[in-house]
Amino acid sequence: MPYNRVDVAMRELVADFSCLQAEDLVARLSRGAAAVAGTAYAGFVRVDALRREALPVHVHTPPGDPLRVGRWLAESGVLKELAVSARTLRLPRDAAVGEPGFLASPVPVVAREHTFVWVAGRAFDDGDEHLLGRFATAAGRALEAASGLEAAVRLLRGIRAFRPA
């Protein structure tokens, strides 16, 4: 079988571009958001294009979820607030009634749906809001880049598939 430079080049590009998995990126971004905010809780929420429903995309919690943030997200109504919100949402911490403290910032992503990155677990202030907003911008760029790489892989596979033998 003769050495085919095109096949080798396409295989290498596909392998390189395929290294970044979207699910892994979201998990890493969630851990990064928690670290930036100085808390153990973070994640992403996606809101449908009609702003009727918000669903957690990823929830990062410490083992055992001691503050029960996962349950609080589902039961508190915060997802409904995010569904109708286009701005940063900050809720105060009130441990007496089980409010963990919550901050969510919109992620600027070119998509049909709206995305928020959130952190929880303590009281947040204006400085936290500013940092999370900057992080949300970086996360949006990373998610768009990952999407671009996935599209590039599909195109490269198409080149390999339709190239004459």
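Residues numbered from 1 in each chain as written. Predicted model: local features only at pLDDT ≥ 70, side-chain atom pairs only at ≥ 80, totals over all residues. Heavy atoms only, no water.

A. Expanded view of the packing of aromatic side chains. Under the defined criterion, the tally for this structure stands at 2 aromatic pairs. Plain terms: the ring middles of Trp72 and Phe102 are 5.4 Å apart, the flat faces sit at 50° to each other, and that makes the pair tilted. Of this pair, Trp72 sits in helix α3 (residues 69-75) while Phe102 sits in strand β4 (residues 99-107), and the two are 30 residues apart along the sequence. When its relative accessible area of 0% is taken as the criterion, Phe102 is described as buried. These aromatic residues form a ring-pair network of at least three members: Trp72, Phe102 and Trp118. (Phe/Tyr/Trp six-rings, centres within 6.5 Å; stacked < 30°, edge-to-face > 60°. Helix = DSSP H or I, 4+ residues; strand = E, 2+ residues; numbered from the N terminus. Buried < 20%, exposed > 50% of the residue type's maximum accessible area, 1.4 Å probe, protein only.)

B. Local environment of the pattern of salt bridges. Inspection of the entire model under this criterion finds 5 salt bridges. Note that Arg71 and Glu75 form a salt bridge whose closest N and O atoms lie 3.2 Å from each other. You can see Arg71 and its partner Glu75 sitting in helix α3, 4 residues apart, about one turn around the helix. Among the salt bridges present, the one from Asp128 reaches Arg122, with a minimum N-O distance of 2.7 Å. Arg122 sits in the partly exposed class, given a relative accessible area of 25%. Three or more residues joined by partner-sharing salt bridges are found here, namely Arg90, Asp126 and Glu129. (Salt bridge = Lys/Arg side-chain N within 4 Å of Asp/Glu carboxyl O.)

C. Molecular detail of the sheet that holds strand β2 (residues 54-60). Reading across from one edge, β2-β1-β5-β4-β3 is the order of the 5 strands in this open sheet, with antiparallel pairing throughout. The open sheet is flanked by β2 and β3 (89-94), the only strands paired with a single partner. Averaged over all pairs of adjacent strands, the angle between their axes in this sheet comes to 20°, without regard to strand direction. Contacting β1 (41-47), β2 and β5 (114-120), helix α2 (residues 22-37) crosses the sheet at an angle of about 125° to β1. (Pairing = 2+ DSSP bridges. Axes fitted to C-alpha atoms, helices over the stretch in contact; angles between N-to-C directions. Contact = heavy atoms within 4.5 Å.)

D. Representation of unusual backbone geometry in the model. For Arg51, which is not glycine, the phi dihedral falls at a positive 55°. Counting through the fold element by element, Arg51 comes out in the loop between β1 and β2. Of note, Arg68 is a non-glycine position whose phi angle comes to about 55°, a positive value. With respect to the helices and strands, the residue Arg68 is situated in the loop between β2 and α3. Owing to a relative accessible area of 54%, Arg68 belongs among the exposed residues under this scheme.

E. Representation of α2. Between its first and last C-alpha atoms α2 spans 22 Å; for 16 residues at 1.5 Å apiece the expected length is 22 Å, and the two agree. When we look at burial in α2, the residues that qualify are Leu25, Val26, Ala27, Leu29, Ser30, Ala33, Ala34 and Ala37. In the stretch just after α2, Gly38 is the one whose phi turns positive, near 65°. (Expected span 1.5 Å × (residues − 1).)

F. Examining the pairing of β3 more closely. Relative to β4, β3 is paired through 5 bridges, and the arrangement is antiparallel. Within β4, the position partnered with Leu89 by the bridge is Ala104. Two successive antiparallel strands, β3 and β4, enclose a turn made up of 4 residues, where Gly98 displays a positive phi of approximately 85°.

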